[in-house]
Amino acid sequence: MQEYLTTYNLNDMSLNKVELQKNIKALLEEMMQREENSIDEFAERMSTAIDTYVKTAEIQYNSGLVAPNGNVTGTFNGKLK
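Everything numeric in this text was worked out from a predicted model, so none of it was measured.

What counts, and where the lines are drawn
- Residues numbered from 1 in each chain as written.
- Predicted model: local features only at pLDDT ≥ 70, side-chain atom pairs only at ≥ 80, totals over all residues.
- Heavy atoms only, no water.
- Helix = DSSP H or I, 4+ residues; strand = E, 2+ residues; numbered from the N terminus.
- Expected span 1.5 Å × (residues − 1).
- Buried < 20%, exposed > 50% of the residue type's maximum accessible area, 1.4 Å probe, protein only.
- Arc of directions from axis to C-beta.
- Polar contact = N/O pair within 3.5 Å; in protein donor to acceptor, adjacent residues only side chain to side chain.
- Salt bridge = Lys/Arg side-chain N within 4 Å of Asp/Glu carboxyl O.

**Topic: helix α2 (residues 17–33)**
Taking 1.5 Å per residue, 17 residues should reach 24 Å; α2 reaches 24 Å between its end C-alpha atoms and fits that length. Of all the positions in α2, only Glu19, Leu20, Asn23, Leu27 and Met31 are classed as buried. End-on, the buried residues of α2 take up no more than an arc of 105°, which puts them together on one face. Facing away from the buried side of α2 by over 90 degrees, the exposed positions are Lys17, Val18, Lys25, Glu29, Met32 and Gln33. Regarding α2, its N-cap is asparagine 16, as a side-chain oxygen of that residue lies 3.0 Å from the backbone nitrogen of valine 18 further along.

**Things to note about the pattern of salt bridges**
Counted by the stated rule, this structure contains six salt bridges. Between glutamate 30 and arginine 34 there is a salt bridge, and its shortest N-O distance comes to 2.9 Å. Given a relative accessible area of 29%, glutamate 30 falls into the partly exposed group. For the salt bridge of arginine 45 with glutamate 30, the shortest nitrogen-to-oxygen distance reads 3.2 Å.

**Topic: helix α3 (residues 39–55)**
For α3, which comprises 17 residues, the first-to-last C-alpha distance of 24 Å matches the rise-based estimate of 24 Å (1.5 Å per residue) to within 8%. Those residues of α3 not exposed but buried are Glu41, Arg45, Met46, Thr48, Ala49, Thr52 and Tyr53. Along the long axis of α3, the arc covered by the buried residues comes to 155°, so they all point the same way. Exposed residues on α3 whose side chains face more than 90 degrees from its buried face are Ile39, Asp40 and Lys55.

Put into structure tokens, the structure is as follows:
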């Protein structure tokens, strides 16, 4: 699995749609060059690209949640970066 991360530079993505598109295109081009199809490999590699892309999101928390003596309540004041 690690070879795919290195090949497609997935670790360098920081919620960058252009980079995600580049990685998907590279995957599709490589798969089209093959003599044998592998739906399982394609699905694994595509889901890895998307999973890595989404997990690079950062939430910038400002304020809003309080928990005096129980469950956290309130409104989350922040944004997805």
